Amino acid sequence: MNAIRSAATLAARIGLVGVLLAGCATTPPAQFYTLAPLQAPEAKSVSAPRFTVAVGPVIIPELLQRPQIVTRNRDDQVNFAAFHRWAGTLADETKRVLAVNLGTLLYEARTVVTTDDLAIDPDRRVVVNINRFDGVPGGAVWLNAVWTLTSRKGENTLAVHLSVIEEKVAGEAVADLVSAHSRAVGRLSREIAAGLARTLPAP
(Lines give C-alpha, C1' and ligand atoms only; values in the text may rest on other atoms or scores of the structure.)
Protein backbone atom coordinates (compact mmCIF):
# COMPACT_ATOMS: atom_id res chain seq x y z
CA MET A 1 0.00 0.00 0.00
CA ASN A 2 2.82 2.39 0.90
CA ALA A 3 4.48 1.62 -2.41
CA ILE A 4 1.28 2.47 -4.25
CA ARG A 5 0.86 5.68 -2.28
CA SER A 6 4.48 6.69 -2.98
CA ALA A 7 4.07 6.00 -6.69
CA ALA A 8 0.91 8.09 -6.79
CA THR A 9 2.64 10.95 -4.96
CA LEU A 10 5.60 10.82 -7.36
CA ALA A 11 3.28 10.84 -10.36
CA ALA A 12 1.42 13.84 -8.98
CA ARG A 13 4.67 15.72 -8.44
CA ILE A 14 5.85 14.93 -11.95
CA GLY A 15 2.54 16.14 -13.30
CA LEU A 16 2.83 19.37 -11.32
CA VAL A 17 6.34 19.98 -12.63
CA GLY A 18 5.04 19.43 -16.17
CA VAL A 19 2.29 21.98 -15.66
CA LEU A 20 4.77 24.51 -14.27
CA LEU A 21 7.16 23.99 -17.16
CA ALA A 22 4.34 24.36 -19.64
CA GLY A 23 3.37 27.62 -17.97
CA CYS A 24 6.93 28.89 -18.32
CA ALA A 25 7.00 28.13 -22.05
CA THR A 26 5.89 31.27 -23.87
CA THR A 27 5.06 31.87 -27.50
CA PRO A 28 7.10 34.53 -29.29
CA PRO A 29 5.47 37.97 -29.37
CA ALA A 30 3.79 39.07 -32.58
CA GLN A 31 5.65 41.60 -34.71
CA PHE A 32 3.71 44.33 -36.48
CA TYR A 33 4.60 46.03 -39.76
CA THR A 34 3.55 49.10 -41.73
CA LEU A 35 4.14 50.13 -45.32
CA ALA A 36 6.68 52.91 -45.82
CA PRO A 37 6.07 55.86 -48.17
CA LEU A 38 8.49 57.26 -50.71
CA GLN A 39 11.15 59.55 -49.35
CA ALA A 40 9.88 63.10 -49.51
CA PRO A 41 12.07 65.64 -51.31
CA GLU A 42 13.50 68.63 -49.52
CA ALA A 43 10.65 70.98 -48.66
CA LYS A 44 10.18 73.96 -50.93
CA SER A 45 7.87 76.90 -50.67
CA VAL A 46 4.97 76.68 -53.12
CA SER A 47 1.91 78.73 -53.83
CA ALA A 48 -1.55 77.83 -52.61
CA PRO A 49 -2.84 74.42 -53.78
CA ARG A 50 -4.76 74.32 -57.06
CA PHE A 51 -6.22 70.79 -56.96
CA THR A 52 -7.38 68.24 -54.45
CA VAL A 53 -7.20 64.47 -54.93
CA ALA A 54 -8.91 61.81 -52.83
CA VAL A 55 -7.53 58.27 -52.67
CA GLY A 56 -10.01 55.49 -52.00
CA PRO A 57 -11.56 53.20 -51.63
CA VAL A 58 -8.79 50.65 -51.95
CA ILE A 59 -10.38 47.24 -52.43
CA ILE A 60 -8.45 44.04 -51.74
CA PRO A 61 -9.33 40.34 -52.13
CA GLU A 62 -10.93 38.56 -49.18
CA LEU A 63 -7.77 36.44 -48.94
CA LEU A 64 -5.84 39.55 -47.82
CA GLN A 65 -8.49 40.89 -45.44
CA ARG A 66 -6.72 39.61 -42.34
CA PRO A 67 -3.94 40.89 -40.08
CA GLN A 68 -1.48 38.10 -40.90
CA ILE A 69 1.06 38.75 -43.64
CA VAL A 70 0.34 36.45 -46.56
CA THR A 71 3.15 34.60 -48.30
CA ARG A 72 2.89 32.26 -51.24
CA ASN A 73 4.49 28.83 -51.64
CA ARG A 74 3.29 28.32 -55.17
CA ASP A 75 0.43 29.51 -57.36
CA ASP A 76 -2.18 27.45 -55.50
CA GLN A 77 -0.85 27.55 -51.91
CA VAL A 78 -0.46 30.39 -49.41
CA ASN A 79 0.70 30.76 -45.81
CA PHE A 80 -0.55 33.13 -43.10
CA ALA A 81 2.29 34.25 -40.82
CA ALA A 82 1.26 33.54 -37.22
CA PHE A 83 3.58 36.11 -35.61
CA HIS A 84 4.07 38.66 -38.41
CA ARG A 85 1.11 40.97 -38.90
CA TRP A 86 0.11 44.29 -40.43
CA ALA A 87 -0.31 47.04 -37.86
CA GLY A 88 -3.53 48.10 -39.62
CA THR A 89 -5.56 46.53 -42.38
CA LEU A 90 -3.62 46.08 -45.60
CA ALA A 91 -6.27 48.08 -47.48
CA ASP A 92 -5.94 51.04 -45.11
CA GLU A 93 -2.14 50.81 -45.09
CA THR A 94 -2.07 50.84 -48.90
CA LYS A 95 -4.50 53.76 -49.08
CA ARG A 96 -2.53 55.77 -46.53
CA VAL A 97 0.79 55.28 -48.31
CA LEU A 98 -0.71 55.95 -51.74
CA ALA A 99 -2.04 59.27 -50.46
CA VAL A 100 1.32 60.24 -48.96
CA ASN A 101 3.21 59.16 -52.09
CA LEU A 102 0.90 60.99 -54.48
CA GLY A 103 1.16 64.10 -52.35
CA THR A 104 4.94 63.87 -52.66
CA LEU A 105 4.94 63.15 -56.39
CA LEU A 106 2.41 65.88 -57.23
CA TYR A 107 3.82 68.44 -54.83
CA GLU A 108 5.12 70.80 -57.49
CA ALA A 109 1.80 70.57 -59.32
CA ARG A 110 0.29 72.21 -56.22
CA THR A 111 -1.95 69.24 -55.56
CA VAL A 112 -3.20 68.25 -52.13
CA VAL A 113 -3.83 64.53 -51.71
CA THR A 114 -5.79 62.92 -48.91
CA THR A 115 -7.79 59.77 -48.26
CA ASP A 116 -11.42 59.48 -49.25
CA ASP A 117 -12.65 59.53 -45.65
CA LEU A 118 -11.14 63.01 -45.17
CA ALA A 119 -11.76 64.57 -48.58
CA ILE A 120 -14.55 67.06 -49.21
CA ASP A 121 -15.59 67.44 -52.84
CA PRO A 122 -12.15 66.63 -54.38
CA ASP A 123 -11.26 67.57 -57.96
CA ARG A 124 -10.05 64.03 -58.67
CA ARG A 125 -10.69 60.67 -57.09
CA VAL A 126 -8.52 57.54 -57.29
CA VAL A 127 -10.19 54.16 -56.78
CA VAL A 128 -7.89 51.14 -56.58
CA ASN A 129 -9.02 47.53 -56.95
CA ILE A 130 -6.19 45.19 -56.00
CA ASN A 131 -6.35 41.71 -57.49
CA ARG A 132 -3.11 40.41 -56.00
CA PHE A 133 -0.65 41.66 -53.38
CA ASP A 134 1.52 38.91 -51.92
CA GLY A 135 5.01 37.53 -52.23
CA VAL A 136 7.67 34.96 -51.51
CA PRO A 137 10.48 35.69 -49.02
CA GLY A 138 13.74 35.77 -50.95
CA GLY A 139 11.73 35.87 -54.18
CA ALA A 140 9.41 38.65 -55.24
CA VAL A 141 6.28 40.60 -54.33
CA TRP A 142 3.51 40.86 -56.92
CA LEU A 143 1.03 43.73 -57.01
CA ASN A 144 -1.70 43.64 -59.65
CA ALA A 145 -4.24 46.46 -59.46
CA VAL A 146 -6.83 48.22 -61.59
CA TRP A 147 -7.04 51.92 -60.78
CA THR A 148 -9.65 54.39 -61.93
CA LEU A 149 -9.47 58.18 -62.04
CA THR A 150 -12.72 60.10 -61.88
CA SER A 151 -13.66 63.75 -61.87
CA ARG A 152 -15.33 65.59 -59.03
CA LYS A 153 -17.97 63.47 -57.26
CA GLY A 154 -17.22 60.62 -59.64
CA GLU A 155 -19.28 62.22 -62.40
CA ASN A 156 -16.91 61.21 -65.23
CA THR A 157 -14.39 58.40 -65.59
CA LEU A 158 -11.17 59.96 -66.86
CA ALA A 159 -8.92 56.90 -67.02
CA VAL A 160 -8.83 53.19 -66.18
CA HIS A 161 -5.48 51.40 -66.02
CA LEU A 162 -4.08 48.01 -65.05
CA SER A 163 -0.76 47.97 -63.22
CA VAL A 164 1.18 44.70 -62.99
CA ILE A 165 4.20 45.12 -60.72
CA GLU A 166 6.89 42.67 -59.60
CA GLU A 167 9.37 43.77 -56.96
CA LYS A 168 12.33 41.62 -55.94
CA VAL A 169 12.74 40.74 -52.24
CA ALA A 170 16.25 41.35 -50.95
CA GLY A 171 16.32 38.55 -48.36
CA GLU A 172 14.44 35.82 -46.53
CA ALA A 173 13.29 37.94 -43.57
CA VAL A 174 9.71 39.18 -43.30
CA ALA A 175 11.09 42.73 -42.99
CA ASP A 176 12.63 42.30 -46.46
CA LEU A 177 9.27 41.13 -47.78
CA VAL A 178 7.51 44.17 -46.27
CA SER A 179 10.10 46.51 -47.78
CA ALA A 180 9.35 45.01 -51.18
CA HIS A 181 5.62 45.60 -50.54
CA SER A 182 6.42 49.27 -49.87
CA ARG A 183 8.48 49.59 -53.05
CA ALA A 184 5.67 47.98 -55.05
CA VAL A 185 3.21 50.57 -53.71
CA GLY A 186 5.78 53.23 -54.58
CA ARG A 187 5.86 52.06 -58.21
CA LEU A 188 2.06 51.97 -58.31
CA SER A 189 2.03 55.52 -56.92
CA ARG A 190 4.30 56.73 -59.73
CA GLU A 191 2.03 55.21 -62.36
CA ILE A 192 -1.06 56.79 -60.80
CA ALA A 193 0.70 60.14 -60.41
CA ALA A 194 1.60 60.12 -64.10
CA GLY A 195 -2.02 59.34 -64.98
CA LEU A 196 -3.31 62.09 -62.71
CA ALA A 197 -0.88 64.62 -64.16
CA ARG A 198 -2.32 64.01 -67.61
CA THR A 199 -5.82 64.88 -66.39
CA LEU A 200 -4.91 68.08 -64.57
CA PRO A 201 -5.30 71.39 -66.43
CA ALA A 202 -2.13 73.23 -67.27
CA PRO A 203 -1.21 75.98 -64.78
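Residues numbered from 1 in each chain as written. Predicted model: local features only at pLDDT ≥ 70, side-chain atom pairs only at ≥ 80, totals over all residues. Heavy atoms only, no water.

Enquirer: Honestly, the pairing of strand β7 (residues 140–151) in this entry has me stumped. Any pointers?
Expert: Side-chain positions along a regular strand alternate between the two faces of the sheet. Judged by how many residues are buried, β7 sits mostly within the fold: nine of 12 residues are covered. Relative to β7, strand β6 (residues 124–135) runs antiparallel, the two sharing 11 bridges. Paired with D134 across the bridge in β7 is W142. Hairpin geometry of β6 and β7 is characterised by an intervening segment of four residues between the two adjacent antiparallel strands and by a positive phi of about 80° at G138. Note that β7 and strand β8 (residues 157–168) share 11 bridges and pair antiparallel. Across the sheet, the residue bridging to T150 is T157, located in β8. (Buried < 20%, exposed > 50% of the residue type's maximum accessible area, 1.4 Å probe, protein only. Helix = DSSP H or I, 4+ residues; strand = E, 2+ residues; numbered from the N terminus. Pairing = 2+ DSSP bridges.)

Enquirer: Can you walk me through the environment of A36 in this structure?
Expert: Structurally, A36 is set in the loop between β1 (31–33) and β2 (51–59). A36 has contacts with V97 and S182, leaving out every residue within four places of it along the chain. (Contact = heavy atoms within 4.5 Å.)

Enquirer: Any chance you could explain the pattern of salt bridges here in plain terms?
Expert: When charged atoms on two side chains of opposite charge get close, those side chains can pair. For the structure shown, the criterion picks out seven salt bridges. Linking R96 and E93 is a salt bridge whose minimum nitrogen-to-oxygen distance equals 2.9 Å. Of the two residues, R96 and E93 are both situated in helix α2 (residues 90–105); the distance of three residues between them amounts to about one turn of the helix. Of the residues examined, R96 reaches a relative accessible area of 31% and is grouped as partly exposed. Note that R183 is salt-bridged to E167, the shortest N-O span being 2.9 Å. Here E167 lies in strand β8 and R183 lies in helix α3 (residues 174–199), a separation of 16 residues in the sequence. One connected set of salt bridges, linked through shared partners, spans R72, R132 and D134. (Salt bridge = Lys/Arg side-chain N within 4 Å of Asp/Glu carboxyl O.)

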